Amino acid sequence: MNIDMLVDEILDSYNKFGLINRSNTENFPNRQNVVSVLQDLQSLIFPGFKYAEDIDPINIRYTTGQKVNNIIAKLTKEIQKSLIYTLTQKKGSAEKIEDSHCFKLSEKTAIALVEEIPEIRRKLSLDTMAAFKGDPAAKSNEEVILSYPGLQAISVYRIANFLHKNGIPIIPRIMSEHVHGTTGIDIHPGATIGESFFIDHGTGVVIGESCIIGNNVKIYQGVTLGALSVKKELMNKKRHPTIEDDVTIYANATILGGNTVIGRKSIIGGNTWVTESVKPESIITQQ
């Protein structure tokens, strides 16, 4: 079989099965472009830590402005795709969708995210300090920023969560699944997470979409904050637990259910299975 015939067969499969993402605006956002924007956002949040770049007092304004322009331009395009694609799926046609309206909304959201960067940095500074104070092995805040996967996952969550709360589809999940792949930590962008949050070690942590986590919460590797049922009709219900302030959850604990509340200052021991609410200041261990 020659090359032309091979190409024809592949193109024929495109026609038969679809699953092709073209570059025009009524198609799905491009994962590589979204990841590229995410990397620029991370370098704005922690300049000089994540990627090789020369930063000094002379050029920092120029490099910051360059990143901001790149983020707004790229993210606007990908948000526009996500909005048009989602509306097309609902209406069955892109003909009546106004691209200009979607572009304006996309640009407005991209700019709003950049405006949110100082607030995201404030929250992440608290998350960083929580990791430094909560882990005897941590020698500095800088070490936490450079090497702790928990902070990396939380930083992406705080970006993705802002987009999710502003009604942007698809892109927040691309971001969260990208960092899930690199850290082993799966935080749904729809979760609500308070300040000074620390994930120690982190591998295998799962935090569901409707989970609510308060301030000063610390969790270890393998913790699941999940749902009791995964039935599709429950998609708009609260399926995941609420974790109140100052709770510690040790490795491989599983806490399930939308009505499950872990009271403030409680300690959930390792390898426990919790499906009912726990009163404040409780200690739960495996029997």
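Residues numbered from 1 in each chain as written. Predicted model: local features only at pLDDT ≥ 70, side-chain atom pairs only at ≥ 80, totals over all residues. Heavy atoms only, no water.

Draft legend 1. Expanded view of the overall build of the chain. Each helix and strand counted, the chain has seven helices and 14 strands in total. Viewed in the frame of its principal axes, the chain has a C-alpha envelope of about 65 × 55 × 45 Å. For the chain, the residues scored as buried account for 44% of the 287 residues in total. In the chain, the proportion of contacts linking residues at least 24 apart, taken out of those at least 6 apart, comes to 48%. A distance of 5 Å separates the average location of the 31 positive side-chain charges in the chain from that of its 32 negative side-chain charges. (Helix = DSSP H or I, 4+ residues; strand = E, 2+ residues; numbered from the N terminus. Buried < 20%, exposed > 50% of the residue type's maximum accessible area, 1.4 Å probe, protein only. Contact = heavy atoms within 4.5 Å. Lys, Arg positive; Asp, Glu negative; His and termini not counted. Charge placed at Lys NZ, Arg CZ, Asp CG, Glu CD.)

Draft legend 2. Quick peek at the pattern of salt bridges. Following the criterion strictly, the structure yields seven salt bridges and no others. Here R239 ties to E209 by a salt bridge, and the two come within 3.2 Å at their closest N and O atoms. Of this pair, R239 sits in the loop between β7 (224–226) and β8 (242–243) while E209 sits in the loop between β4 (206–207) and β5 (212–213), and the two are 30 residues apart along the sequence. By relative accessible area, R239 is classed as buried at 15%. Note that R264 and D246 form a salt bridge whose closest N and O atoms lie 4.0 Å from each other. Linking R264 in the loop between β11 (261–262) and β12 (267–268) with D246 in the loop between β8 and β9 (248–249), this pair joins segments that are 18 residues apart in sequence. For D246, a relative accessible area of 28% corresponds to the partly exposed category. (Salt bridge = Lys/Arg side-chain N within 4 Å of Asp/Glu carboxyl O.)

Draft legend 3. Region of the structure containing the sheet that holds strand β6 (residues 218–219). The sheet built from five strands is open, its strands ordered β3-β6-β9-β12-β14 with parallel pairing. Looking at strand neighbours, the two that pair on one side only are β3 (198–199) and β14 (283–284), the edges of this open sheet. The pairing of β12 with β14 spans two bridges and is parallel. Residue pairing across strands places I268 opposite I284, the latter belonging to β14. (Pairing = 2+ DSSP bridges.)

Draft legend 4. Inspection of the nonpolar core at higher detail. Core analysis: the largest hydrophobic core is formed by 65 residues, its most contacted members being M175, I207 and I249. Apart from the residues within four sequence positions on either side, I249 is in contact with K218, I219, Y220, V223, L225, I243, I255 and I268. (Core = buried A, V, L, I, M, F, W, Y, C linked by side-chain atoms within 4.5 Å.)

Draft legend 5. A look at the sheet that holds β11. Spatially, β2-β5-β8-β11 is the arrangement adopted by the four strands of the open sheet, whose pairing is parallel. Edge strands, defined here as strands with exactly one partner in the open sheet, are β2 (192–193) and β11. Where β5 meets β8, two bridges bridge the pair, whose relative direction is parallel. When the sheet's bridge partners are listed, I213 is paired in β8 with I243.

Draft legend 6. Representation of the packing of helix α2 (residues 31–45) against helix α7 (residues 171–183) within the structure. Closest axis-to-axis distance for the α2/α7 pair is 10 Å, and the angle between their directions is 70°. Regarding the angle of α2 to α7, the classification is roughly perpendicular. Contacts between α2 and α7 involve R31, V34, V35, L38 and L41 from the former and I171, I174, M175, E177 and H178 from the latter. Considering only residue class, the contact of α2 with α7 consists of seven nonpolar, one polar and two charged. (Axes fitted to C-alpha atoms, helices over the stretch in contact; angles between N-to-C directions. Parallel < 35°, antiparallel > 145°, perpendicular 65-115°, else oblique. Nonpolar A, V, L, I, M, F, W, Y, C, P; charged D, E, K, R; others polar.)

Draft legend 7. Molecular detail of the packing of α2 against helix α6 (residues 149–165). Where α2 contacts α6, the axes come no closer than 11 Å and their chain directions differ by 110°. What the angle tells us is that α2 and α6 run roughly perpendicular. Contact with α2, carried on its side by L38, L41, Q42 and I45, involves Q152, S155, V156 and I159 of α6 and no other residues of that element. Taken together, the residues that form the contact of α2 with α6 break down as five nonpolar, three polar and no charged.

Draft legend 8. View of unusual backbone geometry. Although it is not a glycine, H201 sits at a positive phi angle of roughly 65°. Checked against the element boundaries, H201 lands in the loop between β3 and β4. For N216, which is not glycine, the phi dihedral falls at a positive 60°.

Draft legend 9. Fine view of α2. Helix length check: α2, at 15 residues, gives a terminal C-alpha distance of 21 Å against a target of 21 Å (1.5 Å per residue), a fit within 8%. Those residues of α2 not exposed but buried are V34, V35, V37, L38, D40, L41, Q42, S43, L44 and I45. (Expected span 1.5 Å × (residues − 1).)

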